Amino acid sequence: MNMNGNNGKQLLGKVALVTGGSRSIGGAIVRRLAADGADVAFSYVSSADKANALVQELKEQGSKSVAFKADQSDPRKNMVQAVEASLKRLGTDYIDLYSV
């Protein structure tokens, strides 16, 4: 029996950032973090349709997520601004978990 009020979602209230999270292994990581209760911001390089589909999938499951376009090969280019904007859309200014 779960007595801590998080309905078995051990990451409830946590915010995760996943780079390259729209496909394959990254997508699986995003799905797992969301299933465990985390709000998830994740980046994609060119697959906006796949990223948006994943956001919609998670929304339908009751999870909060946001996708942002960013070139991880040069973090100075636009990654910082994209992360900050995504966190703002999630309603926070911090990251609890980070996956590359």
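Everything that follows concerns the structure shown earlier in this document.
Note that the coordinates shown come from a computational prediction; the quantities given were computed from them, not determined experimentally.

Parameters at a glance
Residues numbered from 1 in each chain as written. Predicted model: local features only at pLDDT ≥ 70, side-chain atom pairs only at ≥ 80, totals over all residues. Heavy atoms only, no water. Salt bridge = Lys/Arg side-chain N within 4 Å of Asp/Glu carboxyl O. Helix = DSSP H or I, 4+ residues; strand = E, 2+ residues; numbered from the N terminus. Buried < 20%, exposed > 50% of the residue type's maximum accessible area, 1.4 Å probe, protein only. Pairing = 2+ DSSP bridges. Axes fitted to C-alpha atoms, helices over the stretch in contact; angles between N-to-C directions. Contact = heavy atoms within 4.5 Å. Right-handed = clockwise from strand over helix to strand, strands pointing away. Core = buried A, V, L, I, M, F, W, Y, C linked by side-chain atoms within 4.5 Å. Patch = residues over 30% accessible without salt bridge, like charges linked within 9 Å, V, L, I, M, F, W, Y side chains within 5 Å. Areas by Shrake-Rupley, 256 points an atom, 1.4 Å probe, with all protein chains shown as cover.

Participant: Would you explain the pattern of salt bridges in this entry?
Facilitator: Two side chains with opposite charge may pair up if their charged atoms get near one another. As enumerated under the stated definition, the model contains two salt bridges in all. We note a salt bridge from R31 to E57, for which the minimum N-O separation is 2.8 Å. A residue pair is termed long-range when its members are at least 10 positions apart, and R31 in helix α1 (residues 24-35) and E57 in helix α2 (residues 48-60) qualify at 26 residues. Look at R31 and you get partly exposed, because its relative accessible area is 35%.

Participant: So what exactly am I meant to see when it comes to the sheet that holds strand β4 (residues 97-99) here?
Facilitator: The strands making up a sheet associate through backbone hydrogen bonding, with each pair oriented either parallel or antiparallel. Here four strands make up an open sheet; going across it, the order is β3-β2-β1-β4 and the pairing parallel. Pairing within the sheet leaves two strands with one partner each, and these edge strands are β3 (65-69) and β4. Here the average twist between neighbouring strands, direction ignored, is 15 degrees. Bridge analysis of strand β1 (residues 15-18) against β4 gives three bridges, and the strand direction is parallel. Across the sheet, the residue bridging to A16 is L97, located in β4. In the packing of α1 onto the sheet, contacts are made with β1, β2 (39-44) and β4, and the angle to β1 comes to roughly 175 degrees.

Participant: In this structure, what is going on with the pairing of β1? I would like to understand it.
Facilitator: Here is the key point about a regular strand: its side chains alternate between the two faces of the sheet. Side chains V15 and L17 of β1 all project onto a buried face; the interleaved residues A16 and V18 project onto the opposite face, where all are buried too. With four bridges joining them, β1 and β2 adopt parallel strand pairing. Directly across from A16, in β2, lies its bridge partner V40. Crossover β1 to β2 through α1 is right-handed.

Participant: What should I look at first to understand the nonpolar core in this one?
Facilitator: Across soluble globular proteins, nonpolar side chains show a tendency to be buried alongside one another. Core analysis: the biggest nonpolar cluster contains 14 residues, and V18, V30, L33, A38, V40 and F42 have the highest contact counts within it. Looking at this core, the elements that each hand over two or more residues are β1, α1, β2 and α2. With sequence-adjacent residues up to four places away left out, V30 is seen in contact with V18, G21, V40, F42, L54 and L58.

Participant: So what exactly am I meant to see when it comes to the side chain of S43 here?
Facilitator: Its location among the elements puts S43 in strand β2. Setting aside its immediate chain neighbours within four residues, S43 contacts V18, T19, G20, G21, S22, F68, A70, Q72 and M79.

Participant: Mind showing me how you'd approach a nonpolar patch on the surface here?
Facilitator: Among the surface-exposed residues, I95, Y98 and V100 lie close enough to one another that they form a single nonpolar patch of about 340 Å² accessible area. Tracing the backbone shows I95 in the loop between α3 (75-90) and β4.

Participant: Looking at this model, I keep getting lost on the side chain of T92. Mind explaining?
Facilitator: Structurally, the position occupied by T92 is in the loop between α3 and β4. You can call T92 buried: its relative accessible area is 14%. In contact with T92, other than residues within four places in its own chain, are V15 and L87.

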